[in-house]
Amino acid sequence: GCQQANCSETLKEGMGLTPEGRRESRVCTVRVPINIALVKYWGKRDQTQNIPLNDSLSLTINSLHARTTLRVNYEIGTDSVKINGKSQTVTGSRYQRVFEEVRRWERKRKAGEVAEHPVSIQFEITSETNFPVSAGLASSAAGFAAIAECLQKIFGFTDSQKSQLARLGSGSAIRSIFGGLVRWRRGTQPNYEDSIAEQSFPSTHWPSLRALILVVDEGRKEYSSTDGMQRTVETSTLLERRIECCDVNIDKICAAFSNRDFSAMADMIMRDSNNFHAVCMDTSPPLMYLNDVSRTIIRLVHVYNEKNGSTVIAYTFDAGPNATLYLEEDTVQDFLDFATKQLRFAESAQTEVEEILGHKLDESVNN
Ligand code: DP6
């Protein structure tokens, strides 16, 4: 069931044979949240399996989620994927990669049995997100974790298989399987079976923690993470140094999280974000994900912390200009008042911050 998983199941149909002897379709719906990395995953040692060069660490943000329905039909037909009402290209996509893996596993499983019917499986996915997709807001993480969750329920896959499917869709999706503070280990086994995520702390360990997401630009990002990180692996000399530091930084953040030491954690979060974007700039040609508004936000956060006399807010940026800010509940309103006033006068701000979303981290979906 859904016990450990960070999902909620709302619908499930039984399976049987239709009067014509065909297997009945099966449907499953889950809701899976996004996660935002505190120590970023950037660079792969296996591109087809999405196996990372470094461990990464994230916080799952329960109130931003994908609600995904998967229907499996046991017949020959074209797979389809619809996100927020828009049909997606399946041929040659990551969806297809996931579907083909499931078909392969099912063929292998059936090989030993005397199959009454050949393994013809058709997949139909519809997904709705309550946040903008493709704006560097980790939509693929929530989406592929949801698909993997549905596939596990329908086909009875193991947790390890579920992780593999989520990772195959998008590396960062493997972390959305869990809530709270989650670590994805790069793994050392040649078959990659230990490249899996684990929960370091549940969100209940720190109930006053909040995430603020500043949507600077809702548009599609300039270079996808997949292409960007590959270019970094091929051209950046700083990446190697970054990778050496990730484990130590993760340990420091985990220790700070354990002690609810916000300023120690915040310092490491901002350092990792800046280190990650430095590596992006060290890529040739450079990956420039931050824009003027992003940089204004960085300055604002440091000014605010300085004014406060201690670090009470941290920023982090993924492969795009949108900011995720981490802070404690009692800082939210004061910072928002400060930021709204300052951003209005920021000369460098070409675009307004379009939307500010405040999110509780402990709004658990199902447990
Ligand atoms: C900057 O998981 O989107 O958000 O495995 O190629 O699908 P693929 O990459 P993806 O990369 C996420 C990069 C990041 C950092 C992170 O989430 O750890």
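What you see is a predicted model, and the numbers here were worked out from it, not measured in a lab.

**A word on helix α5 (residues 239–258)**
Under the 1.5 Å per step criterion, the end-to-end length of α5 is 28 Å for 20 residues, consistent within 8% with the ideal 28 Å. In the structure, α5 departs most strongly from a straight axis at cysteine 246, where the bend amounts to approximately 35°. Listed as buried for α5 are Leu239, Arg242, Cys246, Asn249, Ile250, Ile253 and Phe257. Arginine 260 lies just past α5 and shows a positive phi near 50°.

**What about the nonpolar core?**
Ranked by internal contacts, the top residues of the largest apolar core, which has 89 residues, are Leu70, Ala145, Ile147, Ile313 and Leu325. Setting aside residues up to four positions removed in sequence, leucine 70 forms contacts with Cys28, Phe123, Ile125, Ile147, Cys150, Leu151 and Ile154.

**Observations regarding the site of the ligand**
Residues in contact with the ligand amount to 13 residues; listed here are only the nearest, Ala37, Ser170, Gly171, Ser172 and Thr226. Class assignment of the residues belonging to the shell around the ligand gives a composition of three nonpolar, eight polar and two charged.

**With respect to the packing of helix α2 (residues 139–155) against helix α3 (residues 159–169)**
Viewed as axis vectors pointing N to C, α2 and α3 meet at an angle of 145°, and their least axial separation amounts to 8 Å. At the point where α2 passes α3, the crossing takes the right-handed sense. Only Gln161, Lys162, Leu165, Ala166 and Gly169 of α3 make contact with α2, whose side of the interface consists of Phe144, Ala145, Ile147, Ala148, Glu149, Leu151 and Gln152. Within the contact of α2 with α3, the residues separate by chemical class into seven nonpolar, three polar and two charged.

**Here we look at unusual backbone geometry**
Here the amide bond leading from serine 284 into proline 285 is cis, since omega sits at -10°, within 30 degrees of zero. With respect to the helices, strands and loops of the structure, proline 285 is situated in the loop between α6 (262–281) and α7 (292–308). One non-glycine residue, asparagine 84, adopts positive backbone phi at about 45°.

**Concerning the packing of helix α1 (residues 94–111) against α3**
At a minimum axis distance of 8 Å, the contact between α1 and α3 shows a crossing angle of 155°. Here α1 lies roughly antiparallel to α3, going by the angle between them. Considering the relative orientation of α1 and α3, their crossing is right-handed. On α3, the residues that touch Arg94, Arg97, Val98 and Glu101 of α1 are Leu165, Leu168 and Gly169. Split into classes, the residues belonging to the contact of α1 with α3 amount to three nonpolar, one polar and three charged.

**What to know about the pairing of strand β13 (residues 323–328)**
In terms of residue burial, β13 counts as a mostly covered element, since five of its six residues are buried. The pairing of strand β11 (residues 209–215) with β13 spans six bridges and is antiparallel. Bridging across to β13, leucine 214 finds its partner in alanine 323. As paired strands, strand β12 (residues 313–317) and β13 are joined by five bridges and run antiparallel to one another. Among the inter-strand pairings, alanine 314 is bridged to a residue of β13, identified as tyrosine 326. Here β12 folds back onto β13 in antiparallel fashion, the turn holding five residues.

**So, the environment of threonine 126**
If you trace the backbone, threonine 126 turns up in strand β8 (residues 122–129). When the C-alpha atoms of threonine 126 and glycine 85 are compared, they prove to be 7.8 Å apart, with 41 residues separating the residues in sequence. Once you skip the residues sitting within four places of it in the chain, threonine 126 turns out to touch Thr69 and Lys82.

Reading the values: rules and limits
- Residues numbered from 1 in each chain as written.
- Predicted model: local features only at pLDDT ≥ 70, side-chain atom pairs only at ≥ 80, totals over all residues.
- Helix = DSSP H or I, 4+ residues; strand = E, 2+ residues; numbered from the N terminus.
- Expected span 1.5 Å × (residues − 1).
- Bend = angle between axes of the 7 residues up to and from the residue.
- Buried ≥ 20, exposed ≤ 12 C-beta atoms within 10 Å, placed from the backbone.
- Core = buried A, V, L, I, M, F, W, Y, C linked by C-beta atoms within 7 Å.
- Contact = placed C-beta atoms within 7 Å.
- Near = placed C-beta within 6 Å.
- Nonpolar A, V, L, I, M, F, W, Y, C, P; charged D, E, K, R; others polar.
- Axes fitted to C-alpha atoms, helices over the stretch in contact; angles between N-to-C directions.
- Left-handed = near helix turned anticlockwise from the far one by under 90°.
- Parallel < 35°, antiparallel > 145°, perpendicular 65-115°, else oblique.
- Pairing = 2+ DSSP bridges.

By themselves, these are just geometric observations and shouldn't be taken as functional.
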